[in-house]
Amino acid sequence: MAFVITAPCRNELAAECVEVCPVDCIEKGDDQYYIDPDICIDCGACQAVCPVEAIFYEEDLRPDEEVFLEKAKEFFRSR
Ligand code: SF4
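Residues numbered from 1 in each chain as written. Predicted model: local features only at pLDDT ≥ 70, side-chain atom pairs only at ≥ 80, totals over all residues. Heavy atoms only, no water.

Asks: It is not clear to me how the overall build of the protein should be interpreted in this structure. Could you clarify?
Replies: Regarding its fold elements, the protein presents three helices and four strands. Reading the secondary structure of the protein in the N-to-C direction produces β-α-β-β-α-β-α. In terms of overall dimensions, the protein is globule-like: its C-alpha atoms have a radius of gyration of 11 Å, near the 12 Å expected for 79 residues. Structurally, the protein occupies a C-alpha span of about 25 × 25 × 20 Å along its principal axes. The 79 residues of the protein split such that 39% are buried. Across the protein, contacts joining residues at least 24 apart in sequence account for 68% of those joining residues at least 6 apart. As presented, the protein carries roughly 4700 Å² of accessible surface, and 46% of it is formed by carbon and sulfur atoms. Placing the 7 positive and 19 negative side-chain charges of the protein at their respective mean positions leaves the two points 6 Å apart. (Helix = DSSP H or I, 4+ residues; strand = E, 2+ residues; numbered from the N terminus. Rg over C-alpha atoms; globule rule 2.2 N^0.38 Å. Buried < 20%, exposed > 50% of the residue type's maximum accessible area, 1.4 Å probe, protein only. Contact = heavy atoms within 4.5 Å. Areas by Shrake-Rupley, 256 points an atom, 1.4 Å probe, with all protein chains shown as cover. Lys, Arg positive; Asp, Glu negative; His and termini not counted. Charge placed at Lys NZ, Arg CZ, Asp CG, Glu CD.)

Asks: Quick question: what am I supposed to make of the site of the ligand here?
Replies: In the vicinity of the ligand lie 14 residues, with Cys 21, Cys 40, Cys 43, Gly 44 and Cys 46 positioned nearest. A per-class count over the shell around the ligand returns 12 nonpolar, one polar and one charged. (Near = heavy atom within 4 Å. Nonpolar A, V, L, I, M, F, W, Y, C, P; charged D, E, K, R; others polar.)

Asks: Please explain the packing of aromatic side chains as it appears in this structure.
Replies: Note on aromatic pairs: each is described by the distance of the centres and the angle between the planes. The tally for this structure, following the rule as stated, stands at three aromatic pairs. Note on Phe 3 and Tyr 57: the rings are 5.2 Å apart at their centroids and 50° apart in plane angle, and the pair reads as tilted. You can see Phe 3 sitting in strand E1 (residues 3-5) and its partner Tyr 57 sitting in strand E4 (residues 55-57), a full 54 residues away along the chain. For Tyr 57, a relative accessible area of 22% gives the class partly exposed. For the pair Phe 75 and Phe 76, a centre-to-centre distance of 4.9 Å together with 85° between the ring planes defines the contact as edge-to-face. Phe 76 shares its class with Phe 75; the two are buried. Ring pairing ties together the aromatic residues Tyr 34, Phe 75 and Phe 76, which thus form one cluster. (Phe/Tyr/Trp six-rings, centres within 6.5 Å; stacked < 30°, edge-to-face > 60°.)

Limitation: the analysis is restricted to geometry and does not speak to function.
Below, the structure is given as structure tokens:
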């Protein structure tokens, strides 16, 4: 399981999450930040500081947000 960054990040790109992640698993993509689901330790620190509430625990994603987990996997797979 992992935390996942969703659509509101696209207009914000605030990056507070990057500063607080204890395992450095958040990186900037072309249009939003992404969390590496293989490294995330589910601490929730990023979710607490996101100013636009873009970050959700994987199991709490709405069906229409699940694409963002796939986007994150693809982002880190293609690097
Ligand atoms: Fe990093 Fe914790 Fe957020 Fe996972 S839940 S991305 S480990 S700050």
